[in-house]
Amino acid sequence: MTHYKHSRRAFIQGSVGALALGALAACSSGDSNGSESNKPAASSDFTGEGPISWVQGKDFSGGMVQKRLDEWNKKYPNEKVTLIELSAEADQQRQSLINAAQTNSAAYDVIGLDVVWVAEFAANRWIVEIPQDTKPDGIIDAVWDTGTYRDKQYAVPYATDASIMYYRKDFLEKANAEVPKTWEDVKKVTEAVRKLPGMQNIAGFGGQWAKYEGLTCCISEFINTCGGAIVDDSGKVTVDSPESIKGIQTAVDAFKSKLIPTSTLEWQEEDSRNGFESGEVLFLRNWPYQYVNDMKELGPDKFGVAPLPSIDGKAYMSTLGGHNCAITTNCKNKATALKFVKWWTNKESQQYNLEKQSNAPIYGDLYTKEENVKKFPYLTTLKASLDSAKGRPHAVAYGDVTAAIQDAIYPALQGKTDAESAAKQLAEKLKTIIKN
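Residues numbered from 1 in each chain as written. Predicted model: local features only at pLDDT ≥ 70, side-chain atom pairs only at ≥ 80, totals over all residues. Heavy atoms only, no water.

(A) Summary view of the sheet that holds strand β8 (residues 203–206). Reading across from one edge, β8-β9-β7-β10 is the order of the 4 strands in this open sheet, with mixed pairing throughout. Here the strands that pair on one side only, and so sit at the sheet edges, are β8 and β10 (304–306). Looking at each pair of strands side by side, their axes are set apart by 20° on average, direction ignored. Note: strand β7 (residues 164–167) against β10, 3 bridges, orientation antiparallel. When the bridges of β10 are listed, Y166 appears paired with V305. Helix α11 (residues 290–297) rests against β7, β9 (281–286) and β10 of the sheet, and its axis sits at about 10° to β7. (Pairing = 2+ DSSP bridges. Helix = DSSP H or I, 4+ residues; strand = E, 2+ residues; numbered from the N terminus. Axes fitted to C-alpha atoms, helices over the stretch in contact; angles between N-to-C directions. Contact = heavy atoms within 4.5 Å.)

(B) Region of the structure containing the layout of surface pockets. Put simply, the largest pocket is a space of about 1000 Å³. Lining the largest pocket are 35 residues; nearest its centre among them are A119, R392, P393, H394 and A395. Of all the secondary structure elements, the ones that give two or more residues to the lining of the largest pocket are α4 (118–123), β4 (148–149) and α8 (213–225). When its residues are assigned to classes, the lining of the largest pocket shows 16 nonpolar, 11 polar and 8 charged. (1 Å grid on protein atoms, 1.4 Å probe; cavity = no way out; pocket = protein on both sides within 12 Å on 5 of 7 lines; lining within 4 Å. Points joined across faces, edges and corners; volume = space filled by probe spheres on them. Nonpolar A, V, L, I, M, F, W, Y, C, P; charged D, E, K, R; others polar.)

(C) Representation of helix α9 (residues 242–256) in the model. The end-to-end C-alpha distance of α9, which contains 15 residues, comes to 20 Å, matching closely the 21 Å that a straight helix rising 1.5 Å per residue would cover. Listed in full, the buried residues belonging to α9 are S244, I245, G247, I248, T250, A251, V252, A254 and F255. Against α7 (183–194), α8, α16 (398–413) and α17 (419–433) lie the buried residues of α9. After α9 finishes, the residue K258 shows a positive phi value of roughly 70°. (Expected span 1.5 Å × (residues − 1). Buried < 20%, exposed > 50% of the residue type's maximum accessible area, 1.4 Å probe, protein only.)

(D) Seen up close, the environment of V401. By secondary structure assignment, the location of V401 is in helix α16. Taking relative accessible area as the criterion, V401 reaches 0% and is therefore assigned buried. Along the chain, V401 and K429 lie 28 residues apart, while their C-alpha atoms are 8.6 Å from each other. When near neighbours in sequence (up to four residues on either side) are disregarded, V401 contacts P393, A395, L430, I433 and I434.

(E) Spotlight on unusual backbone geometry. Positive phi, close to 50°, is recorded for N176, a residue that is not glycine. Looking at the secondary structure, you find N176 in the loop between α6 (169–174) and α7. We classify N176 as exposed; its relative accessible area is 73%. In this structure, D312 is a non-glycine residue whose phi angle is positive, near 50°. Tracing the backbone shows D312 in the loop between β10 and β11 (321–327). Owing to a relative accessible area of 55%, D312 belongs among the exposed residues under this scheme.

(F) Broad picture of the pairing of strand β6 (residues 156–161). β6 sits mainly inside the fold: 6 of its 6 residues count as buried. Examined bridge by bridge, β6 and β11 share 5 bridges and lie antiparallel to one another. Opposite A159, over in β11, you have H323 as the bridge partner.

(G) How the structure looks around a positive patch on the surface. A grouping of K67, K296, K356 and K375 is seen on the molecular surface, where their side chains present a positively charged patch. Residue placement: K356 occurs in helix α13 (residues 347–357). Residue classification places K356 among the partly exposed residues on the basis of a relative accessible area of 36%. (Patch = residues over 30% accessible without salt bridge, like charges linked within 9 Å, V, L, I, M, F, W, Y side chains within 5 Å. Areas by Shrake-Rupley, 256 points an atom, 1.4 Å probe, with all protein chains shown as cover. Salt bridge = Lys/Arg side-chain N within 4 Å of Asp/Glu carboxyl O. Lys, Arg positive; Asp, Glu negative; His and termini not counted. Charge placed at Lys NZ, Arg CZ, Asp CG, Glu CD.)

(H) Examining the pairing of β11 more closely. By the criterion of burial, β11 is predominantly enclosed, with 7 of the 7 residues buried. Across 5 bridges, the pairing between strand β3 (residues 110–114) and β11 is antiparallel. Opposite L113, over in β11, you have N324 as the bridge partner.

(I) Structural detail: α17. Helix length check: α17 (15 residues) gives 21 Å between terminal C-alpha atoms against 21 Å at 1.5 Å per residue, within 8%. Every buried residue of α17 is listed here: A419, A422, A423, L426, A427, L430 and I433. Taken down its axis, α17 places every buried residue within 135° of arc, on the same side. Summarising the contacts, the buried residues of α17 are in contact with α9 and α16. The residue sitting at the N-terminus of α17 and contributing the capping side-chain oxygen is D418; that oxygen lies 3.2 Å from the backbone nitrogen of E420. (Arc of directions from axis to C-beta. Polar contact = N/O pair within 3.5 Å; in protein donor to acceptor, adjacent residues only side chain to side chain.)

(J) The arrangement of the packing of aromatic side chains in detail. Under the defined criterion, the tally for this structure stands at 21 aromatic pairs. Plain terms: the ring middles of W72 and Y76 are 4.3 Å apart, the flat faces sit at 45° to each other, and that makes the pair tilted. On the basis of an interplanar angle of 50° and a centroid distance of 6.4 Å, the ring pair of Y158 and W344 is categorised as tilted. In this pair, Y158 is assigned in strand β6 and W344 in helix α12 (residues 334–344), connecting sequence segments 186 residues apart. By relative accessible area, which is 1% here, Y158 ends up buried. Counting every residue linked through ring pairs, the aromatic cluster contains W54, W72, Y76, Y158, F340, W343 and W344. Just above the ring of Y352 sits the side chain of R68; from NZ or CZ to the centre is 5.6 Å. Against the face of Y363 rests K347, its NZ or CZ located 5.1 Å from the ring centre. (Phe/Tyr/Trp six-rings, centres within 6.5 Å; stacked < 30°, edge-to-face > 60°. Lys NZ or Arg CZ within 6 Å of the ring centre and 35° of its normal.)

This is how it looks when you write it as structure tokens:
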């Protein structure tokens, strides 16, 4: 997130994850307090044609990104795009991008940014403002807005993201169980499946709970679904509200009861996908990219997708993920870079990314296109998840924010502290980071 792999996510993740990490690396040198003083103005002079690089997290699609770039390179041989893949881990991706910016490296031209990194990169003038006429017709407005900072556009979305629930259809059928719609149903169905011969040790609900961005996404969903928020829409820290504490407590209780297995405290996106496909968990919260992989590894008879379960009557609120294209300040061939961004985010590319990578499209009509719905029946579920999705805290120093969330919540999930103490500790820390 975003997966999380590069498309999510890890964010990856992304995530989404990458897409998807350990604790933030080199925070002391990599994070910014968002001050814009004494920084050189970012050049928005979109001139210069020639070779450029496209920089993203590791491609898990079996080379489909390069195949799409090959089409560009064939069409524009004098403006060749070279793919640079960074780590599979989102935090490490971010640190690599920051290191390049801080050393004024010209190696990175167009970069893939998790939606939560845009403010930081824009505030530090590591990326340039995008012309307003770059906005494509038909893009989902909320998705387009993820590329803004102080009412100016600094990035163009190329993949959006919201989590959905994958379930082992084959196991549910053996237990004559229905797909759960509520958190209590998840518990009941898990108990029913565990009564099957040889299934007594299957875990109930999996996710990405390692100490990285995935944990921030997952705990945000529990908090939001219980009616709370880490930071409210006005920017006020509210993670210590009764509703937010209840969300944390719900997750803590799930670990304590083994509904969520302890092993998931080491899981990132691909770990969780592998655990699901190998039959370790019955239900899994993950990003859309998993669908294509499950079709290859399991086939349509063994798995299905559904909305994530409600908690106490409140609809599950997915974390809004996704990745955006941004042009670096140090890019020499900005005319080519802008042309590439428009091409990389056009409807044809979005259709390609949907079919080859299960990336969630940025265009609303691709979710209702008849042939898409027939081939990817999860699109209806995904669109509903996107419609109710909630973004993570918008902060220039987002790296510090997510690190604080992870530092406070991870021990609670391990049973080393309680939910209320974790929430209060986190609230005090966030108030020193987020300045209104």
